[in-house]
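A look at the structure
Each chain is listed here by its residues.
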Amino acid sequence: MTATQSKPAASGSAGETRTLTLIQAITEAMQEELARDERVVVFGEDVGARGGVFLATAGLQEQFGQKRVFDTPLSEASIVGAAVGMAVRGLRPIAEIQFADYMGPGFDQIISQAAKIRYRSGGQFSAPLVIRTPSGGGVKGGHHHSQSPESYFTHTPGLKVVMPSTPYDAKGLLKAAVRGGDPVIYFEPKRLYRAVKGQVPTHDYTVELGKGAVRREGTDLTIIGYGGVMPDAEKAAQALAAEGVQAEVIDLRSLVPWDRDLVLTSVAKTGRAVLVSEAPRTSNFMGEVAYVIQEHLFDQLLAPVMQVAGFDTPYPYVQDKVYLPGANRIAAACVRALNY
Amino acid sequence: MIQPFTSDPLQWVAEDGRPIRELPARFTPGVLRDLYREMVRAREFDKKLVTLLRQGRTTFYAQASGMEATQVGLARSIRAGHDWVWPYYRDHALALALGVPMLDLVSQCLGTNSDLCRGRQMPHHFGAARQNLVSISSSIASQVPPAAGNAMAQKYLGVDEITVCTFGDGATSEGDWHAGMNMAGAAQAPCLFVCENNQWAISTNLRAQTASENIHIKAKAYGMPGYYVDGNDIVAVIEVLSQVAEQVRAGNGPALVECLTYRIGSHSNADADAEKNYRTREEVNAWLARDPIVRVERLLDHLGAPVSAEERADLISAAHREVDEAVLKAEASGQPDWRIMFEDVYADLPVHLREQAAFLRAEQEGVQA
Ligand SMILES: Cc1ncc(C[n+]2csc(CCOP(=O)(O)OP(=O)(O)O)c2C)c(N)n1
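Residues numbered from 1 in each chain as written. Chains lettered and ligands numbered in written order. Predicted model: local features only at pLDDT ≥ 70, side-chain atom pairs only at ≥ 80, totals over all residues. Heavy atoms only, no water.

The name given to chain B in an unreviewed UniProt entry is 2-oxoisovalerate dehydrogenase subunit alpha, and the organism recorded there is Deinococcus metallilatus. UniProt's Catalytic activity (unreviewed entry) comment on chain B is quoted here verbatim: "N(6)-[(R)-lipoyl]-L-lysyl-[protein] + 3-methyl-2-oxobutanoate + H(+) = N(6)-[(R)-S(8)-2-methylpropanoyldihydrolipoyl]-L-lysyl-[protein] + CO2". Recorded under Function (unreviewed entry), the UniProt text for chain B is reproduced unchanged: "The branched-chain alpha-keto dehydrogenase complex catalyzes the overall conversion of alpha-keto acids to acyl-CoA and CO(2). It contains multiple copies of three enzymatic components: branched-chain alpha-keto acid decarboxylase (E1), lipoamide acyltransferase (E2) and lipoamide dehydrogenase (E3)." (UniProt positions renumbered as here; feature names shortened; annotations may be inferred.)

For chain A, the name recorded in an unreviewed UniProt entry is 2-oxoisovalerate dehydrogenase E1 component beta subunit, with Deinococcus metallilatus as its organism. Under the heading Cofactor (unreviewed entry), UniProt records this for chain A: "thiamine diphosphate". What the UniProt record of chain A gives under Subunit (unreviewed entry) is the line "Heterotetramer of two alpha and two beta chains. Directly associated with ODBA in the E1 complex."

1. Observations regarding the overall build of chain B
Tallying secondary structure elements over chain B gives 13 helices and seven strands in all. For chain B, whose C-alpha radius of gyration is 21 Å, the value lies close to the compact-globule estimate of 21 Å for 369 residues. Seen through its principal axes, chain B has C-alpha atoms that stretch 75 × 50 × 40 Å. The buried share of chain B, taken over its 369 residues, is 59%. If the 35 positive side-chain charges of chain B are averaged to one point and the 47 negative ones to another, these points end up 1 Å apart. (Helix = DSSP H or I, 4+ residues; strand = E, 2+ residues; numbered from the N terminus. Rg over C-alpha atoms; globule rule 2.2 N^0.38 Å. Buried < 20%, exposed > 50% of the residue type's maximum accessible area, 1.4 Å probe, protein only. Lys, Arg positive; Asp, Glu negative; His and termini not counted. Charge placed at Lys NZ, Arg CZ, Asp CG, Glu CD.)

2. Things to note about the UniProt feature "domain: Transketolase-like pyrimidine-binding" (unreviewed entry) in chain A
In this numbering, the UniProt entry assigns the feature "domain: Transketolase-like pyrimidine-binding" (unreviewed entry) to residues 20–195 of chain A. Counting secondary structure, residues 20–195 of chain A comes out at 36% helix and 17% strand; the distance between its end C-alpha atoms is 11 Å.

3. Considering empty space enclosed by the protein
In the structure shown here, the tally under the stated rule is four cavities of 30 Å³ or more. What the largest cavity holds in volume is close to 70 Å³. Residues belonging to the lining of the largest cavity are distributed by class as follows: four nonpolar, six polar and three charged. (1 Å grid on protein atoms, 1.4 Å probe; cavity = no way out; pocket = protein on both sides within 12 Å on 5 of 7 lines; lining within 4 Å. Points joined across faces, edges and corners; volume = space filled by probe spheres on them. Nonpolar A, V, L, I, M, F, W, Y, C, P; charged D, E, K, R; others polar.)

4. Some details on the site of the ligand
Taken together, 22 residues lie near the ligand, and Glu76 of chain A together with Tyr88, Tyr89, Arg90 and Trp200 of chain B sit nearest. More than a single chain frames the ligand: its nearby residues are located in chains A and B. In the model, a nitrogen atom of the ligand is placed 2.8 Å from a nitrogen or oxygen of the Ser138 of chain B main chain. At a separation of 3.0 Å, an oxygen atom of the ligand approaches a polar side-chain atom of Asn198 of chain B. Considered class by class, the residues forming the shell around the ligand number ten nonpolar, seven polar and five charged. (Near = heavy atom within 4 Å. Polar contact = N/O pair within 3.5 Å; in protein donor to acceptor, adjacent residues only side chain to side chain.)

5. Quick notes on a nonpolar patch on the surface
All names here are of chain B. Where nonpolar side chains cluster on the molecular surface, the patch consists of Tyr156, Leu157 and Val159 and spans about 370 Å² of accessible area. Its place among the elements puts Leu157 in helix α5 (residues 144–157). Classification of Leu157 by relative accessible area gives exposed; the value is 59%. (Patch = residues over 30% accessible without salt bridge, like charges linked within 9 Å, V, L, I, M, F, W, Y side chains within 5 Å. Areas by Shrake-Rupley, 256 points an atom, 1.4 Å probe, with all protein chains shown as cover. Salt bridge = Lys/Arg side-chain N within 4 Å of Asp/Glu carboxyl O.)

6. Remarks on the sheet that holds strand β2 (residues 163–168) of chain B
Across a sheet, paired strands are connected by hydrogen bonds in the backbone, their directions being either parallel or antiparallel. Residues and elements named next belong to chain B. Read from one edge to the other, the open sheet built from five strands follows the order β1-β2-β3-β7-β6, with strand pairing classed as parallel. Of all strands in the sheet, those with a lone pairing partner are β1 (84–86) and β6 (226–230), marking the two edges. Across this sheet, the average inter-strand angle for adjacent strands is 20°, counted without regard to direction. Sheet analysis places β1 next to β2, joined by three bridges and oriented parallel. In the strand pairing of β2, Trp84 is matched with Thr163. Each of β2, β3 (191–197) and β7 (255–260) is contacted by helix α2 (residues 68–75), which is oriented at about 165° to β3, the strand it contacts most. (Pairing = 2+ DSSP bridges. Axes fitted to C-alpha atoms, helices over the stretch in contact; angles between N-to-C directions. Contact = heavy atoms within 4.5 Å.)

7. Concerning the packing of aromatic side chains
Following the criterion strictly, the structure yields 19 aromatic pairs over all chains and no others. Judged by centre distance (5.4 Å) and plane angle (75°), the rings of Phe311 of chain A and Phe342 of chain B are edge-to-face. One end of the pair, Phe311 of chain A, is in the loop between β14 (306–310) and α11 (320–323); the other, Phe342 of chain B, is in the loop between α12 (309–332) and α13 (351–365), on a second chain. The pair Phe311 of chain A / Phe342 of chain B is uniform in exposure class, with both members buried. Taking the centre distance of 4.9 Å and the plane angle of 65° together, the rings of Tyr88 of chain B and Tyr89 of chain B count as edge-to-face. Note on Tyr88 of chain B: relative accessible area 5%, which makes it buried. By the ring-pair criterion, three or more aromatic residues cluster together here, those being Phe311, Tyr315 and Tyr323 of chain A together with Phe342 and Phe359 of chain B. (Phe/Tyr/Trp six-rings, centres within 6.5 Å; stacked < 30°, edge-to-face > 60°.)

8. A few points about the packing of helix α1 (residues 22–36) of chain A against helix α7 (residues 167–179) of chain A
Residue and element names in this part refer to chain A. Axis separation between α1 and α7 bottoms out at 8 Å; the angle between their running directions is 30°. In terms of orientation, α1 lies roughly parallel with respect to α7. The two elements α1 and α7 meet at a crossing, and its hand is right-handed. Side by side, α1 and α7 meet where Leu22, Ala25, Ile26, Glu28, Ala29, Met30, Glu32, Glu33 and Arg36 of the first sit next to Pro167, Ala170, Lys171, Leu174, Lys175, Val178 and Arg179 of the second. When its residues are assigned to classes, the contact of α1 with α7 shows nine nonpolar, no polar and seven charged. (Parallel < 35°, antiparallel > 145°, perpendicular 65-115°, else oblique. Left-handed = near helix turned anticlockwise from the far one by under 90°.)

9. Observations regarding the packing of helix α9 (residues 260–270) of chain A against helix α10 (residues 286–297) of chain A
Residue and element names in this part refer to chain A. Where α9 contacts α10, the axes come no closer than 10 Å and their chain directions differ by 55°. On the basis of their axis angle, the class for α9 and α10 is oblique. Along this stretch, α9 crosses α10, giving a crossing that reads as right-handed. Residue-level inspection shows Arg260, Val263, Leu264, Val267 and Ala268 of α9 in contact with α10, the latter providing Glu288, Val289, Val292, Ile293, His296 and Leu297. Taken together, the residues that form the contact of α9 with α10 break down as eight nonpolar, one polar and two charged.

10. A look at the interface of chain B and chain A
Contacts between the two partners involve 41 residues from chain B, matched on the other side by 34 residues from chain A. For the pair chain B and chain A, the summed buried surface comes to about 3000 Å²; carbon and sulfur atoms form 58% of the total. Summed over the shared surface of chain B and chain A, the result is one salt bridge. The closest approach of N and O atoms between Glu363 of chain B and Arg329 of chain A, which form a salt bridge, is 2.6 Å. At the surface where chain B touches chain A, the tally comes to twelve residue pairs in polar contact (both at pLDDT 80 or more). Of all elements in the fold, only α7 (206–209) and α13 of chain B reach the threshold of two or more residues within the side of chain B that touches chain A. (Buried area = accessible area lost by both parts, 1.4 Å probe.)

11. A few points about the nonpolar core
Counting residues in hydrophobic clusters, the biggest one holds 105 residues, and the most contacted among them are Leu192, Phe193 and Leu256 of chain B. At eleven residues, helix α1 (residues 29–54) of chain B tops the list of elements feeding residues into this core. Counting 47 residues, the second-largest nonpolar core is a separate cluster that includes Met103, Ile250, Val267 and Met286 of chain A. (Core = buried A, V, L, I, M, F, W, Y, C linked by side-chain atoms within 4.5 Å.)

12. Things to note about the environment of Ile26 of chain A
Residues and elements named next belong to chain A. Inspection of the secondary structure assignment puts Ile26 in helix α1. Along the sequence, Ile26 and Ala303 sit 277 residues apart, while their C-alpha atoms lie 39 Å from each other. In this structure Ile26 touches Arg132, Ala170, Leu174, Tyr186, Glu188 and Tyr193, once residues within four positions along its chain are discounted.

Right, here's the structure in full:
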């Protein structure tokens, strides 16, 4: 099977949309990519008959058979490592790691193999694969079912890292990831799986990796986030609007690569940046964003770049909600930036 | 002496309750009754916790109904509170039988102030230092290499203890499992590995998990004996595990025991509808007929010391009372507040955490940071 044999994905006409949840959009993306390209395979723990613990792959095995959608032994090292081997040999694997917290056992395969094979082989070999994994807190999961480990991966050259927050992006980014040439770590903010609904086109489309999105336009400050925190970031902006403050809200969507231009243009306009992420603060990816903002816009900043992040503690079970940077905490940081 | 690497699981008591080998003298009706009580207690704990889950008073629970003979049998085969145990998340019958108080288990499931783990772990992930029961990690098989290390320390210190490490069949696919088994074998550490083979890892059956005929033969690769036991026959479990534990204690190196059993209920609350999704009613029914508790009842019957309906009902209501009282007491202790987040992250409180705690205190209590 060569790429030229692949079929068009969806049949809908331009302009048509319907409402999907985030997880439905993810399922659809896989379904359409499986239909489009026979090289695409989907696998992981419990993804087959069970349809994944969150049911992201529900129905796919039924539709495409066990050869293309299958369960693996309980081993993340095997799942990621096998995905690398399959990708090197010409398949387009979409591997599921059941929870981002369990990237650990597959970590070496991700950073030593997936991330480096193109570079170390002088471009002779590559591993275009997607690792999908539910991440983030707010589901009463305690520390082993709530973590946000994206910064381990943004720190590793060779990997692309994305995290959608809307159904439209979830589908478009996943499709782009499957069709791209690189290993992509695709984080799914699990508390938004069913909490977020949105319009998704019926026709085939992709969302380019590395492009952010403006969720709300404003002039007084820029709130920048990604993934699970986005609904709260928008809520904070609404609350500020009621006080007469116009906040611009940017969803990064991709962390590697990330949309510097969009961020710098916005912060140049507003003069203030509030960075929001639920991952622990120390070595948080947003530290990089803050660095780039100050490097380019030092003169134009009206306040220090503010960071709202998770605490530097393991994710606590009982205080699950308190840990997360909710709308109030985000709004408070905005007020600090405004009053600086 | 019992034999390693048998092709069939070792068994003492048939499903109809008749001994198929001579019943060892220590299994008097009194001893069997005690085992029976402990198993019933664990079974009822399961039922009560599922109810608490449905009521939303806890958010996660992994049933062990059907696995009581394996877990209670293991507890009775080692020196409770003396040997060390690295369990996995389905091991409450083991914990109860090792003497972890009901209140401690219930408190952990509810995440109250009475929880020894201070509300930080997800429910059903207990740990109890007094019983040398190390806190459970959700990450499958991650306890295996540390258990090997625990046993290496015991050997180093020259203490008369062993380490027990439990896991499901799925765990044996993880790299950590192989690494830990290999380490223990190479170090000849006093570690007793117990596979609670309930045949399913969520929706993945053993046949999809490994092409290996069974789990215990994997021990061969790591230079240790592997035993195969009917995990629903508590007599067999205790006979094999206590003998193997003594061999491990005697300095003969680690061993693996595979207990073949079955989880009757769902994997967790996340797959309440297991029968609809991935396994058949017939299979579940076949294993229901092999219930380990019923087998002891039948054995007692056979020995002329039957359990009366009244005695059974009393045991069940006593277990329910025990759980109810623990729930009341746990809930009365209240919920831990935001402070628990910052304690125990490190042995001391580094400055950045002190700052973050002050920030949260200001936010939560309206106090100026
Ligand atoms: C490293 C890791 N990967 C995935 C999971 C998700 N998960 C939780 S339990 C489970 C199945 C475990 O099966 P098994 O080891 O057989 O134990 P059982 O639950 O059947 O008793 C899986 C895949 C996890 N907890 N840890």
